[in-house]
Amino acid sequence: MLSGPLPTFASTAPVVDSRQLLRGAREIEIVHGDKVYRLRHTRNDKLILVK
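All values derive from a computational prediction rather than experimental measurement.

Visitor: Sorry if this is basic, but what is going on with the pattern of salt bridges here?
Guide: Pairs can form between side chains of opposite charge whenever their charged atoms are close. Applying the stated criterion to the full structure yields four salt bridges. The salt bridge partner of R19 is D17, with a shortest N-O separation of 2.8 Å. The salt bridge involving R38 is made with E29; its shortest N-O contact spans 3.0 Å.

Next comes the structure, spelled out in structure tokens:
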């Protein structure tokens, strides 16, 4: 689960913790309209979004 408070941002955009999206997986597919994107969590602890 989440450990500690989420960082605060000056934006009013919703904040989603990446762990909620990935749910333990290293990669997920995100459907946006008729396109499919892959969100990948790398070994270097980075997130990469590719079409």
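Right, picking up where we left off after that structure.
Visitor: Looking at this model, I keep getting lost on the side chain of T42. Mind explaining?
Guide: With respect to the element layout, T42 can be found in the loop between β2 (35-41) and β3 (47-50). Its relative accessible area of 17% is what places T42 among the buried residues.

Visitor: Explanation requested: the environment of A25 in the structure shown.
Guide: Here A25 shows up in the loop between α1 (18-22) and β1 (27-32). Residue classification places A25 among the partly exposed positions, given a relative accessible area of 30%. Linking A25 and R40, residues 15 residues apart in sequence, is a C-alpha distance of 8.8 Å.

Visitor: How should the environment of R43 be read in this particular structure?
Guide: For R43, the position within the fold is in the loop between β2 and β3. Between the C-alpha atom of R43 and that of R26, which follows or precedes it by 17 residues, the distance is 9.1 Å.

Visitor: Got a minute to help me understand the sheet that holds β3 in this structure?
Guide: Sheet strands pair by backbone hydrogen bonding; their relative direction is either parallel or antiparallel. Spatially, the three strands line up as an open sheet ordered β1-β2-β3, and their pairing is antiparallel. Because the sheet does not close on itself, it has two edges, and the strands there are β1 and β3. Recorded for the sheet is a direction-independent mean angle of 20 degrees between the axes of neighbouring strands.

Visitor: Hey, could you run me through the side chain of D17 in this one?
Guide: Note on placement: D17 falls in the segment before α1. Among the residues examined, D17 registers a relative accessible area of 9% and is labelled buried. Reaching out from D17, the side chain makes a polar contact with the backbone nitrogen of R19 at a distance of 2.8 Å.

Thresholds, definitions, all that
- Residues numbered from 1 in each chain as written.
- Predicted model: local features only at pLDDT ≥ 70, side-chain atom pairs only at ≥ 80, totals over all residues.
- Heavy atoms only, no water.
- Salt bridge = Lys/Arg side-chain N within 4 Å of Asp/Glu carboxyl O.
- Helix = DSSP H or I, 4+ residues; strand = E, 2+ residues; numbered from the N terminus.
- Buried < 20%, exposed > 50% of the residue type's maximum accessible area, 1.4 Å probe, protein only.
- Pairing = 2+ DSSP bridges.
- Axes fitted to C-alpha atoms, helices over the stretch in contact; angles between N-to-C directions.
- Polar contact = N/O pair within 3.5 Å; in protein donor to acceptor, adjacent residues only side chain to side chain.

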